[in-house]
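Structural overview for review
This is what each chain is made of:
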Amino acid sequence: GIQVEQSPPDLILQEGANSTLRCNFSDSVNNLQWFHQNPWGQLINLFYIPSGTKQNGRLSATTVATERYSLLYISSSQTTDSGVYFCAVERGTASKLTFGTGTRLQVTL
Amino acid sequence: ETGVTQSPTHLIKTRGQQVTLRCSSQSGHNTVSWYQQALGQGPQFIFQYYREEENGRGNFPPRFSGLQFPNYSSELNVNALELDDSALYLCASSLGPNEKLFFGSGTQLSVL
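Concerning the environment of Thr14(B)
Residue and element names in this part refer to chain B. Among the structural elements, Thr14 can be located in the loop between β2 (10-13) and β3 (19-24). Between the C-alpha atoms of Thr14 and Leu83, which are 69 residues apart in sequence, the distance is 8.3 Å. When sequence neighbours within four positions are dropped, the list of residues in contact with Thr14 reads Leu81, Val111 and Leu112.

Some details on the pairing of strand β4 (residues 31-37) of chain B
Residue and element names in this part refer to chain B. Counting buried residues in β4 gives seven out of seven residues, a clear majority hidden from the surface. The alternating pattern of β4 places Thr31, Ser33, Tyr35 and Gln37 and Val32, Trp34 and Gln36 on opposite faces, both of which are buried. Where β4 meets strand β5 (residues 44-50), six bridges bridge the pair, whose relative direction is antiparallel. Along β5, the bridge assignment pairs Tyr35 with Phe45. The turn linking β4 back onto β5 is made up of six residues, and Gly40 within it adopts a positive phi angle of 80°.

What to know about the pattern of salt bridges
Any two side chains of opposite charge can pair, given that their charged atoms come close. All names here are of chain B. Scanning the model with the defined rule gives six salt bridges over all chains in all. The salt bridge partner of Arg57 is Glu54, with a shortest N-O separation of 3.6 Å. With its nearest N and O atoms 3.3 Å apart, the salt bridge here joins Arg63 to Glu82. Placement of the pair is Arg63 in the loop between β6 (53-57) and β7 (64-68) and Glu82 in the loop between β8 (74-78) and β9 (87-94), with a sequence separation of 19 residues. Its relative accessible area of 16% is what places Arg63 among the buried residues. Three or more residues joined by partner-sharing salt bridges are found here, namely Arg63, Glu82 and Asp85.

What to know about the interface of chain A and chain B
Across the boundary between the two partners, chain A contributes 20 residues, which contact 21 residues of chain B. Around 1,500 Å² of area is buried between chain A and chain B when both sides are counted, 53% of it from carbon and sulfur atoms. Between chain A and chain B we count nine residue pairs in polar contact (both at pLDDT 80 or more) in total. Listing elements by their share of the side of chain A that touches chain B, those giving two or more residues are β4 (31-37), β5 (43-48) and β9 (83-90) of chain A. At four residues, the largest contribution of residues to the side of chain A that touches chain B is made by β4(A). Partitioned by chemical class, the residues of the side of chain A that touches chain B number seven nonpolar, 11 polar and two charged.

Calculation criteria
Residues numbered from 1 in each chain as written. Chains lettered and ligands numbered in written order. Predicted model: local features only at pLDDT ≥ 70, side-chain atom pairs only at ≥ 80, totals over all residues. Heavy atoms only, no water. Helix = DSSP H or I, 4+ residues; strand = E, 2+ residues; numbered from the N terminus. Contact = heavy atoms within 4.5 Å. Buried < 20%, exposed > 50% of the residue type's maximum accessible area, 1.4 Å probe, protein only. Pairing = 2+ DSSP bridges. Salt bridge = Lys/Arg side-chain N within 4 Å of Asp/Glu carboxyl O. Buried area = accessible area lost by both parts, 1.4 Å probe. Polar contact = N/O pair within 3.5 Å; in protein donor to acceptor, adjacent residues only side chain to side chain. Nonpolar A, V, L, I, M, F, W, Y, C, P; charged D, E, K, R; others polar.

Dropping the structure here:
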């Protein structure tokens, strides 16, 4: 099956700093989504982005499908950004997403 | 517009028992997917239901079964519980099989 690797595995930032999270995948995909799992376990969908660039407030994402990677940018980080960020991909026609290994982010004051 | 709701939030069972978890999809969504998340890992796909039919299954044994109702709510049933079934079970709904997923807050299952 498709392999999804995320980097870095762990990240500690001071409030206000910017960061870039990376997701590499081993095969072509037609569905890529980024999620934030907060410390209470709730998974929030950040982006549906199989290709191209999208922005939502302080967050933006870029997927370069031909080179099999996606980037999530977090600007002016806040403590509420803490949690685990997952990239998830699918090759077929159903949302049978394969999740990556995750990046655990901690934002400190 | 209500989001995805799951019940119960927590559950404790003993090995060999059976369990049913429930999920109400977001208004307007016809597709429900179930995932299992073990501690410290990413979610793993169990199966998906689209308009009351199973539309794909992950690498889980047959004792994991599901159902989707005409109102698009769904159930996940697990028979003959094993210790390794202890996990967070997440339900997600979407407008269609390959659309953006919206997750519920999950059911934490502990098998003793």
